[in-house]
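Each chain is listed here by its residues.
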Amino acid sequence: MMKSQLTSDAFQPRWYFTALVATVLLLALPSEQLAAQEVTTLGGGPVISDGNFFGFQDGNTQDQSQFESPHGLAVSSNGSLFVADSANGAIRQIDVNGGQTMTVVTNLLSPHDVTFDPTGNLYVAETGAGRIARINFFLGSVFDVVTGLDRPSAMTFDSATNLYVTEFSGRLVKVTSAGEGTTVRNDLKSPSGIAILPSGLIAVSETTAHSVRILNPITTSTVQTIGSGNPGYRDGQSQQALFNGPQHLTVDAQGTLIVADAGNHRLRRIDGAGIVTTLAGIPPENWESCNLCFPGWADGTVDIAELRSPTGVAYDANLDTVYFSETHHHLIRQISNLSLIATTGGT
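So, how was this worked out
- Residues numbered from 1 in each chain as written.
- Predicted model: local features only at pLDDT ≥ 70, side-chain atom pairs only at ≥ 80, totals over all residues.
- Heavy atoms only, no water.
- Pairing = 2+ DSSP bridges.
- Helix = DSSP H or I, 4+ residues; strand = E, 2+ residues; numbered from the N terminus.
- Axes fitted to C-alpha atoms, helices over the stretch in contact; angles between N-to-C directions.
- Buried < 20%, exposed > 50% of the residue type's maximum accessible area, 1.4 Å probe, protein only.
- Phe/Tyr/Trp six-rings, centres within 6.5 Å; stacked < 30°, edge-to-face > 60°.
- Contact = heavy atoms within 4.5 Å.
- Patch = residues over 30% accessible without salt bridge, like charges linked within 9 Å, V, L, I, M, F, W, Y side chains within 5 Å.
- Areas by Shrake-Rupley, 256 points an atom, 1.4 Å probe, with all protein chains shown as cover.
- Salt bridge = Lys/Arg side-chain N within 4 Å of Asp/Glu carboxyl O.

## Quick notes on the sheet that holds strand E20 (residues 257–261)
- In spatial order, the strands read E19-E20-E21-E22; together these four strands make up an open sheet with antiparallel pairing. Where the open sheet ends on each side, the last strands, each with one partner, are strand E19 (246–251) and strand E22 (276–280). Here the strands of the sheet are splayed against their neighbours by 30° on average, with no regard to which way each runs.
- Pairing analysis gives four bridges linking strand E21 (residues 266–270) to E22, with the strands arranged antiparallel. Each residue of the ladder has a partner; that of Leu-267, found in E22, is Ala-280.

## Quick word on the sheet that holds strand E15 (residues 191–196)
- The four strands are arranged E15-E16-E17-E18 in an open sheet whose pairing can be described as antiparallel. Strands at the two margins of the open sheet, each flanked by one partner only, are E15 and strand E18 (222–226). Here the average twist between neighbouring strands, direction ignored, is 20°.
- By the bridge criterion, five bridges tie strand E16 (residues 202–206) to strand E17 (residues 211–215) in an arrangement that is antiparallel. Its bridge partner being in E17, Glu-206 is matched across the sheet by Ser-211.

## Here we look at the pairing of strand E5 (residues 90–95)
- Of all six residues making up E5, five are buried, and the element is well covered by its neighbours.
- Inspection of the sheet shows E5 paired to strand E6 (residues 100–105) by five bridges, in the antiparallel sense. Note that in E6 the partner of Arg-92 across the bridge is Thr-103.
- Here E5 folds back onto E6, and the loop between the two strands holds four residues, one of which, Gly-99, carries a positive phi near 70°.

## Side note on the environment of Gly-148
- With respect to the helices and strands, the residue Gly-148 is situated in the loop between strand E10 (141–146) and strand E11 (152–157).
- When its relative accessible area of 70% is taken as the criterion, Gly-148 is described as exposed.
- Separated by 17 residues in the primary sequence, Gly-148 and Arg-131 place their C-alpha atoms 6.3 Å from one another.

## What about the packing of aromatic side chains?
- For the structure on display, the rule yields four aromatic pairs.
- Seen in terms of ring centroids, Phe-82 and Phe-116 are 5.4 Å apart; in terms of plane orientation they differ by 75°. Their pairing is edge-to-face. Taken together, the positions of Phe-82 in strand E4 (residues 81–85) and Phe-116 in strand E7 (residues 111–116) put the pair 34 residues apart, joining distant regions of the chain. No difference in accessibility class separates Phe-82 from Phe-116, as the two residues are buried.
- Between the aromatic rings of Tyr-123 and Phe-157, the centroid separation amounts to 5.0 Å while the plane-to-plane angle is 55°, which identifies the pairing as tilted. With Tyr-123 in strand E8 (residues 122–126) and Phe-157 in strand E11, this pair connects stretches of sequence that are 34 residues apart.
- Its relative accessible area of 9% is what places Tyr-123 among the buried residues.
- Taken together, the ring pairs connect Phe-82, Phe-116 and Phe-137 into an aromatic cluster.

## Topic: the side chain of Thr-127
- Mapping Thr-127 onto the fold places it in the loop between E8 and strand E9 (131–136).
- Relative accessible area serves as the criterion here: at 12%, Thr-127 is assigned to the buried category.
- Ignoring sequence-local partners within four residues, the contact set of Thr-127 consists of Leu-109, Ser-110, Pro-111, His-112, Arg-151, Pro-152 and Phe-168.

## A look at a nonpolar patch on the surface
- Together, Phe-137, Phe-138, Leu-139 and Phe-143 make up a nonpolar patch on the protein surface, roughly 510 Å² of accessible area in all.
- Its place among the elements puts Phe-137 in the loop between E9 and E10.

## Regarding the pattern of salt bridges
- Following the criterion strictly, the structure yields 13 salt bridges and no others.
- The closest approach of N and O atoms between Glu-167 and Arg-171, which form a salt bridge, is 2.8 Å.
- Relative accessible area serves as the criterion here: at 25%, Arg-171 is assigned to the partly exposed category.
- Salt-bridge contacts for Asp-187 lead to Arg-185; the nearest nitrogen and oxygen are separated by 2.9 Å.
- Accessibility expressed as a relative area gives 14% for Arg-185, which makes it buried.
- The structure contains a network of salt bridges with shared partners spanning Arg-185, Asp-187, Glu-206 and Arg-213.

This is the structure:
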């Protein structure tokens, strides 16, 4: 039985009831807000009554697809979403327009991130194998690009096709198009996400330092650190803001940095001035499942949607949509019309 058909008294997913409430609330909103503030689930979760949230299944994305601990995400030039399905050891492809999920390659060791180079080639950071590999879509296989890494966690390309890779051990590595590798920094605190800002500076999330560091790739110096270094939740100026175990990063059309703030169960934004706001996720006292316990799985506006352990994040400029993965509920979710969203989530 498909997930969309699971509406009997024996099985009503929590998001089904939340969606009904959200629909009523949305009717009272202005049309611009109505378009702007929706969090929806693309795929993942149980496909049968009382079934597991995790699994390994292709097919209709909304009704049949299952993932297990999905991490990094990347959007292709044609709008397909690629997922590093870590515990399944696979790279998955979601045809967003066609509503179908398929497996691209399997038998990987804990893939943690995926990214595209400027010419459209897809790469995977295979944490368990200590390598970066390029994926051949026609053969369904991978080819080594960089080996001998210490648990690569995230990666990105700059406009000059230099590849930047973070390692959980604390190193940031630059690999040129000629294959020459150099260490940019080796003092990072469990880096788990990386993104190139419009200025050319590099943003790196430091999970155990609960902060986001902005680096100059030429001088390798730290330009700015956002977050106090202590775990917690607080919006505001760079030194006053608090994160809790930030994970992957992406940049939207306005150049705003989006952070998967896993420990706070929220998505956060950092603007060019270093000011931190909340994009989605709500305070613990508003979690539906239990007061001050853990958030559940609830779609709806950014004011009521519940997120749990968001990890991967990617932005599609053509659709003005941010995608994010959740490792706890093994979900792929999205927020559309990102540029219209007021910073009202997580108040």
